[in-house]
Amino acid sequence: MTYDPTLDLVLEREVSATPAQLWRAWTEPALLRRWFVPKPWTVGQVALDPRPGGVFSVVMVSPDGEEMSEGPGCILLAEPERRLVWTDALGPEFRPNAASFMSADITMEPRPGGAFYRALVRHKSADDRRRHDEMGFFDGWGTCLTQLEALARGL
């Protein structure tokens, strides 16, 4: 994985959940609903098929009930308990979408007592990267990772 600081954002952390636990929380829709957005936001709908070409779609719901959907994305790579890559540039079965904002490359490496977790989020332009950063990438994705870790270590 190549990190380009002009186009990418990255969140890395040692977590106290195993890759197997993290994988379940990422790939089982009922579990993903419980951690994927920072509280008090919620997940209204999830469509997830963790295989190359499978759908990745999450509808986020604001505390006021407003739904935010980016439309269905596509799983590019699914290596159980190791790596999950998805993008909004493509829809299910690799059909091109009209617009794209990002691709996410999630890795989880075993470590004593848990895993090293890395979320590398790639953007097509420096402007998209900046916009994502200004939207609160580190706070939002960091909060979600804390929620993910708490849920996953209990699985």
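In the block above lies the structure referred to throughout.
A brief look at the structure comes next. Keep in mind that what you see is a predicted model, and the values were worked out from it rather than measured. Throughout, a residue's number is its position along its own chain's written sequence, starting from 1. Residue-level local features of this predicted model are given only where pLDDT is at least 70; pairs of side-chain atoms are given and counted only at 80 or more, and the full residue set underlies all totals for whole chains, interfaces and linings. Excluding hydrogens and water, the side-chain values take into account all heavy atoms of the structure.

A separate point is helix H1 (residues 19–27). Only protein chains enter the calculation, and the probe is 1.4 Å; a residue is then buried if its accessible area is under 20% of its type maximum, exposed if over 50%, and partly exposed in between. Per the convention used, a helix needs a DSSP run of H or I reaching at least four residues, while a strand needs a run of E reaching at least two, with both numbered from the N terminus. H1 sits mainly inside the fold: seven of its nine residues count as buried. All of the buried residues in H1 are Pro19, Gln21, Leu22, Trp23, Ala25, Trp26 and Thr27.

All right, on to the environment of tyrosine 117 then. Residue position: tyrosine 117 is located in strand E10 (residues 114–122). Since its relative accessible area comes to 2%, tyrosine 117 is described here as buried. Contacts were defined at the residue level, with two residues in contact if any of their heavy atoms lie within 4.5 Å. For tyrosine 117, the residues in contact, after removing those within four places along its chain, are Leu11, Glu12, Arg13, Val15, Leu22, Trp26, Ile106, Thr107, Leu145 and Leu148. Polar contacts here mean pairs of N or O atoms no more than 3.5 Å apart (in protein, one a potential hydrogen donor and the other a potential acceptor; neighbouring residues in sequence count only if both atoms are side-chain atoms). Among the polar contacts made by the side chain of tyrosine 117, one reaches the side chain of tryptophan 26 at a distance of 3.2 Å.

Moving on, we come to the nonpolar core. To qualify as a nonpolar core, a set must consist of buried Ala, Val, Leu, Ile, Met, Phe, Trp, Tyr and Cys residues joined through side-chain atoms within 4.5 Å. Trp26 and Phe36 are the most contacted members of the largest nonpolar core, which totals 37 residues. Of the residues forming this core, the biggest block, seven residues, is contributed by helix H4 (residues 137–152). Those residues within four positions of tryptophan 26 in sequence are excluded, and the remaining contacts are Leu32, Trp35, Phe36, Leu48, Phe56, Leu84, Trp86, Ile106, Met108, Tyr117 and Leu148.

Considering the arrangement of structural elements, one finds arginine 51 in the loop between strand E2 (42–48) and strand E3 (55–61). Ignoring any residue separated from it by four or fewer positions in sequence, one finds arginine 51 in contact with Ile75, Ala78 and Glu93. At 2.4 Å, the side chain of arginine 51 forms a polar contact with the side chain of glutamate 93.

Here the expected length of a helix is defined as 1.5 Å per residue gap, with one fewer gap than residues. Between its terminal C-alpha atoms H4 stretches 21 Å, which fits the 22 Å expected from 16 residues at 1.5 Å a residue. Considered for burial, the residues of H4 that qualify are Phe137, Gly140, Trp141, Gly142, Cys144, Leu145, Gln147, Leu148, Glu149, Leu151 and Ala152. Elements in contact with the buried residues of H4: strand E1 (8–15), H1, helix H2 (29–32), strand E9 (103–111), E10 and helix H3 (126–134).

Where side chains of opposite charge bring their charged atoms close, a pairing between them can arise. Salt bridges are defined as contacts in which a side-chain nitrogen from Lys or Arg sits within 4 Å of a carboxyl oxygen from Asp or Glu. Scanning the entire structure with this criterion turns up 15 salt bridges. Notably, a salt bridge pairs aspartate 127 with arginine 130, separated by 2.2 Å at the nearest N-O pair. Pair noted here: aspartate 127 and arginine 130 are both in helix H3, with a separation of three residues, about one helical turn. According to the relative accessible area criterion, arginine 130 is partly exposed, its value standing at 38%. The partner of glutamate 149 in a salt bridge is arginine 153, and the shortest N-O contact between them spans 3.7 Å. Residue glutamate 149 is classed as buried on the basis of its relative accessible area, which comes to 13%. Shared partners join several salt bridges into a network, and the residues in it are Glu14, Glu109 and Arg111.

In short, geometric facts, not functional conclusions.
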